[in-house]
Amino acid sequence: MQFLATPAQAAQIDRYMIETLEIPGLLLMEQAATAIFHEIAALFPPCRVLLVAGSGNNGGDAWAAARILLTHGYDVAIGAASLTLPPDADANMRYFSHTSRITLLTPDTLDSFFSRDAAVIVDGLLGTGLSRPASGLYGEIIRRINAHPAKVVSVDIPSGISGETGAGQTAVTADITVTFQYAKPGHLLFPGRSHTGRLVVAKIGPEAGRPPLHLQWADTFSLPPRAADTNKGTYGRLAIFAGSRGMAGAAALAARGALAAGAGLTTVYTCEYVQDVLQHTLSSVTAQAIGGNPAYIAAEGSVLENCQARAYAAGPGLGQHAETLPLLRSIAQSSLPKVLDADGLNLLAADGSLSFGANTVLTPHPKEFSRLSGCSMEDILSSPLDTAGAFAKQHGVVLLLKGATTIVSDGAKACLVTAGAPSMAKGGSGDVLTGVIGALLAQGLSPFMAAYGGAYLCGKAGETAAARKGDYAPTAEDTVYFLGR
Ligand SMILES: NC(=O)C1=CN([C@@H]2O[C@H](COP(=O)(O)OP(=O)(O)OC[C@H]3O[C@@H](n4cnc5c(N)ncnc54)[C@H](O)[C@@H]3O)[C@@H](O)[C@H]2O)[C@@H](O)CC1
Ligand SMILES: [K+]
């Protein structure tokens with residue numbers, strides 16, 4: 001896990017380093033520029049570099065990088081959107097003010113500046129100080145940067161992308177982004193993630209005593225090795241409530257996910273039809289039919305009394321039957337660790353049953369989350385961190401909002417999971433995830449950790465499957481097969 005900082009937090013940390021730790025801002029800028037130089041020097045011997053500098057300290061980083069590049073034999077030309085700059089940026093600009101290396105970027109000079117050959121463009125137009133969408137001259141500059149054949153190294157964040165949300169319609173598409181101290185949510189959330197290229201996080205100052213951060217990037221997760229003197233009881237009993245006629249596969253995938261993630265004992269509670277299917281296809285789980293209906297679960301909460309489970313996983317393939325609701329409500333309101341997904345969430349949302357006991361993980365995709373929360377899809381997609389966090393806080397749950405970048409929030413802290421592959425955008429992936437999270441809960445992980453750990457493990461397995469089988473062929477069974485490999 002590594003911490004992320006929003007633009008406001010990054011500015012607060014900069015202020016902390018300058019005012020409390022008494023590190024001159026100019027020195028921090030020098031560190032930032034040195035990091036940019038090292039990335040360029042590692043890839044390119046001395047060559048022509050175009051540097052684009054905006055009106056703030058992001059531009060200051062570019063001016064400082066231009067100086068370091070020049071002193072190392074690079075041929076630099078700087079396109080400046082403004083020559084009225086804050087003090088540290090101004091100091092770095094002045095190094096060049098008596099040279100012919102500066103072009104003031106205007107509609108009249110854009111063509112000639114960007115017609116120059118160059119191996120690299122350094123994008124220091126807009127950083128975390130972006131306050132509105134890029135347009136006008138800035139929009140034109142961004143289009144020229146993107147059209148140029150040179151490799152693009154963005155300073156801190158691709159210009160035009162919001163560091164907070166990743167939003168930005170007119171934005172630089174970078175090959176490499178060198179950010180400072182902490183990555184920003186905007187690097188990991190789409191569309192920002194697709195503009196960022198390879199992300200380098202450069203430390204430019206000490207971390208001791210910095211203001212607290214509550215957002216992390218789940219870029220690693222592993223289960224501890226199993227001790228030799230353990231047995232299936234050590235790893236928990238998971239009760240999965242899943243399946244209905246026509247959707248036996250969802251129950252099977254959740255069970256397979258649970259097995260692959262190490263649950264000690266897994267029982268699928270389902271209807272007679274699915275029980276029959278599971279008995280023929282899955283030898284490592286037990287299946288039990290509950291309720292009186294052969295095609296779907298029609299049961300009361302009292303069936304939970306006999307489960308003796310350490311955790312519940314409910315939802316995959318349940319269908320939309322009102323008779324399933326009493327059991328589902330009892331699961332949701334119990335205090336046992338539990339994960340609720342898919343039809344389980346749809347049923348609860350349609351009924352307005354949004355009362356959850358402690359230790360609850362909900363794993364909706366954006367459309368399911370819209371039904372649950374009443375938030376519009378537009379609000380969810382434009383502010384996923386805020387909407388997920390607000391819901392998690394209001395309902396006292398861990399919310400895992402699925403996506404190409406998955407968000408896990410408990411209302412106080414949150415993390416982003418970027419592991420995964422486009423091949424996973426396919427039916428069955430969510431069922432496996434439910435089983436995996438259920439297994440991690442049964443093994444005693446906290447709901448927050450089980451949620452991001454499950455998303456990470458499934459994402460990595462999906463990446464491995466895609467590396468072996470391509471972007472199209474992998475199935476949810478492959479996610480199970482490659483889990484932990
Ligand atoms: N000590 C510090 O504060 C440090 C800051 N650093 C750099 O400073 C950057 C942040 O600097 P700033 O806060 O000055 O912000 P920026 O340099 O990102 O931009 C702020 C300037 O851009 C203008 N602006 C905002 N949105 C615009 C738009 N859509 N179109 C045109 N102009 C727009 C603002 O009016 C302001 O003049 C970071 O991204 C990082 O690169 C680094 O040098 C590290 C140290
Ligand atoms: K930038």
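Note that the coordinates shown come from a computational prediction; the quantities given were computed from them, not determined experimentally.

Cut-offs applied
Residues numbered from 1 in each chain as written. Chains lettered and ligands numbered in written order. Predicted model: local features only at pLDDT ≥ 70, side-chain atom pairs only at ≥ 80, totals over all residues. Heavy atoms only, no water. Buried < 20%, exposed > 50% of the residue type's maximum accessible area, 1.4 Å probe, protein only. Helix = DSSP H or I, 4+ residues; strand = E, 2+ residues; numbered from the N terminus. Pairing = 2+ DSSP bridges. Disulfide = S-S within 2.5 Å. Axes fitted to C-alpha atoms, helices over the stretch in contact; angles between N-to-C directions. Contact = heavy atoms within 4.5 Å. Phe/Tyr/Trp six-rings, centres within 6.5 Å; stacked < 30°, edge-to-face > 60°. Domains from an automatic or database assignment. Buried area = accessible area lost by both parts, 1.4 Å probe. Salt bridge = Lys/Arg side-chain N within 4 Å of Asp/Glu carboxyl O. Polar contact = N/O pair within 3.5 Å; in protein donor to acceptor, adjacent residues only side chain to side chain. Nonpolar A, V, L, I, M, F, W, Y, C, P; charged D, E, K, R; others polar. Near = heavy atom within 4 Å. UniProt positions renumbered as here; feature names shortened; annotations may be inferred.

### Remarks on the pairing of strand E13 (residues 311-314)
And then number 1: Burial along E13 is two-sided: the residues Ala 311 and Ala 313 and Tyr 312 and Ala 314 are all buried.
And then number 2: Relative to E13, strand E10 (residues 237-241) is paired through four bridges, and the arrangement is parallel. Within the sheet, the bridge partner assigned to Phe 241 lies in E13 and is Ala 314.
And then number 3: Of the pairings in the sheet, the one linking E13 to strand E14 (residues 338-340) comprises three bridges and is parallel in character. Bridge pairing in E14 places Ala 313 opposite Val 339.

### With respect to the state of the cysteines
And then number 1: Within this structure, the stated rule accounts for zero disulfides.
And then number 2: In this structure Cys 271 is not part of a disulfide, and its nearest cysteine sulfur, from Cys 307, lies 16 Å away.

### Topic: the sheet that holds strand E6 (residues 151-155)
And then number 1: Spatially, seven strands are ordered E4-E3-E2-E5-E6-E7-E8 in an open sheet, and the strand pairing comes out parallel. Lying at the two open borders of the sheet, with one neighbouring strand each, are strand E4 (102-104) and strand E8 (198-202). Taken pair by pair, the neighbouring strands of this sheet meet at an average axis angle of 20°, ignoring direction.
And then number 2: Here strand E7 (residues 176-180) pairs with E8 via five bridges, running parallel. Counterpart to Thr 177 in the pairing with E8 is Leu 199.
And then number 3: Running at roughly 155° to E7, helix H2 (residues 25-43) makes contact with strand E5 (120-124), E6, E7 and E8 of the sheet.

### Remarks on the packing of aromatic side chains
And then number 1: Applying the stated criterion to the full structure yields ten aromatic pairs.
And then number 2: Ring plane angle 20° and centroid distance 5.1 Å describe the contact between Phe 241 and Tyr 269, whose orientation is recorded as stacked. Here Phe 241, found in strand E10, pairs with Tyr 269, found in strand E11 (residues 265-270); they are 28 residues apart in sequence, far enough to count as distant. For the pair Phe 241 and Tyr 269, one class covers both residues: buried.
And then number 3: A centroid spacing of 5.7 Å and a plane angle of 75° characterise the contact between Phe 241 and Tyr 312, whose relative ring orientation is edge-to-face. With Phe 241 in strand E10 and Tyr 312 in strand E13, this pair connects stretches of sequence that are 71 residues apart.
And then number 4: The exposure class of Tyr 312 is buried, given its relative accessible area of 7%.

### Topic: the domain arrangement of the chain
And then number 1: Per the domain assignment, the segments making up the chain are domain 1 (20-213) and domain 2 (232-482).
And then number 2: Of note, the centres of domain 1 and domain 2, computed from C-alpha atoms alone, are 43 Å apart.
And then number 3: Considering only the side of domain 1, the residues that lose the most area to domain 2 are Leu 188, Leu 189 and Arg 193, jointly responsible for 64% of the buried surface there.
And then number 4: In this assembly, domain 1 and domain 2 are joined by zero salt bridges.
And then number 5: Inspection of the region where domain 1 meets domain 2 yields four residue pairs in polar contact (both at pLDDT 80 or more).
And then number 6: Class assignment for the residues of the side of domain 1 that touches domain 2 results in four nonpolar, one polar and two charged.

### Things to note about the side chain of Thr 406
And then number 1: By the secondary structure assignment, Thr 406 is in strand E17 (residues 406-409).
And then number 2: Under the relative-accessibility criterion, Thr 406 is labelled buried at 10%.
And then number 3: Within the structure, Thr 406 has its side chain in polar contact with the backbone oxygen of Gly 403 (distance 3.2 Å).
And then number 4: Every residue in contact with Thr 406, bar those within four places of it in the chain, is listed here: Leu 400, Leu 401, Cys 415, Leu 416, Val 417 and Ala 455.

### Brief notes about the site of ligand 1
And then number 1: The immediate surroundings of ligand 1 are formed by 23 residues, with Ser 55, Asp 61, Gly 127, Arg 132 and Asp 156 found nearest.
And then number 2: Contact between ligand 1 and Ser 55: an oxygen atom at 2.8 Å from a side-chain N or O atom of the residue.
And then number 3: Between an oxygen atom of ligand 1 and a main-chain N or O atom of Gly 129, the distance comes to 2.9 Å.
And then number 4: Listed by contribution, the elements that provide at least two residues to the shell around ligand 1 are helix H1 (7-20), H2 and helix H3 (57-71).
And then number 5: The dominant element in the shell around ligand 1, judged by the number of residues it contributes, is H3, at three residues.
And then number 6: Within the shell around ligand 1, the residues separate by chemical class into eleven nonpolar, eight polar and four charged.

### Concerning the pattern of salt bridges
And then number 1: According to the stated counting rule, one finds 15 salt bridges in the structure shown.
And then number 2: Of the charged contacts, one joins Lys 184 and Asp 156 as a salt bridge, the two residues approaching to 3.5 Å between their closest N and O atoms. With a gap of 28 residues between them, Lys 184 in the loop between E7 and helix H7 (185-188) and Asp 156 in the loop between E6 and E7 connect regions that are remote in the sequence. Each member of the pair, Lys 184 as well as Asp 156, carries the same accessibility label: buried.
And then number 3: Among the salt bridges present, the one from Lys 469 reaches Asp 478, with a minimum N-O distance of 2.9 Å.
And then number 4: Classification of Lys 469 as partly exposed rests on a relative accessible area of 42%.

### Details of the UniProt feature "binding site: AMP" (unreviewed entry) in the chain
And then number 1: In the numbering adopted here, UniProt assigns the feature "binding site: AMP" (unreviewed entry) to Lys 402, Gly 403, Ala 404, Thr 405, Thr 406 and Gly 430. What stands out for the annotated residues spanning 29 residues is how close their C-alpha atoms remain, the widest pair being 14.2 Å apart.
And then number 2: Lys 402 gets classed as buried once you look at its relative accessible area, which sits at 17%.
And then number 3: Look past the residues within four positions of Lys 402 in its chain and what remains in contact with it is Asp 341, Thr 363, Pro 364, His 365, Pro 366, Gly 430 and Leu 433.
And then number 4: Among the polar contacts made by the side chain of Lys 402, one reaches the main-chain carbonyl oxygen of Thr 363 at a distance of 3.2 Å.

### What about unusual backbone geometry?
And then number 1: A cis amide bond, omega 5°, links Phe 190 with the succeeding residue Pro 191.
And then number 2: Inspection of the secondary structure assignment puts Pro 191 in the loop between H7 and helix H8 (192-196).
And then number 3: Positive phi, close to 70°, is recorded for Gln 181, a residue that is not glycine.
And then number 4: Among the structural elements, Gln 181 can be located in the loop between E7 and H7.
And then number 5: Given the relative accessible area of 4%, Gln 181 is considered buried.
And then number 6: Residues other than glycine seldom take positive phi values, yet Asn 359 does so here, at roughly 65°.
And then number 7: Relative to the elements of secondary structure, Asn 359 occurs in the loop between helix H12 (342-351) and strand E15 (360-362).
And then number 8: The class of Asn 359 is partly exposed, set by a relative accessible area of 32%.

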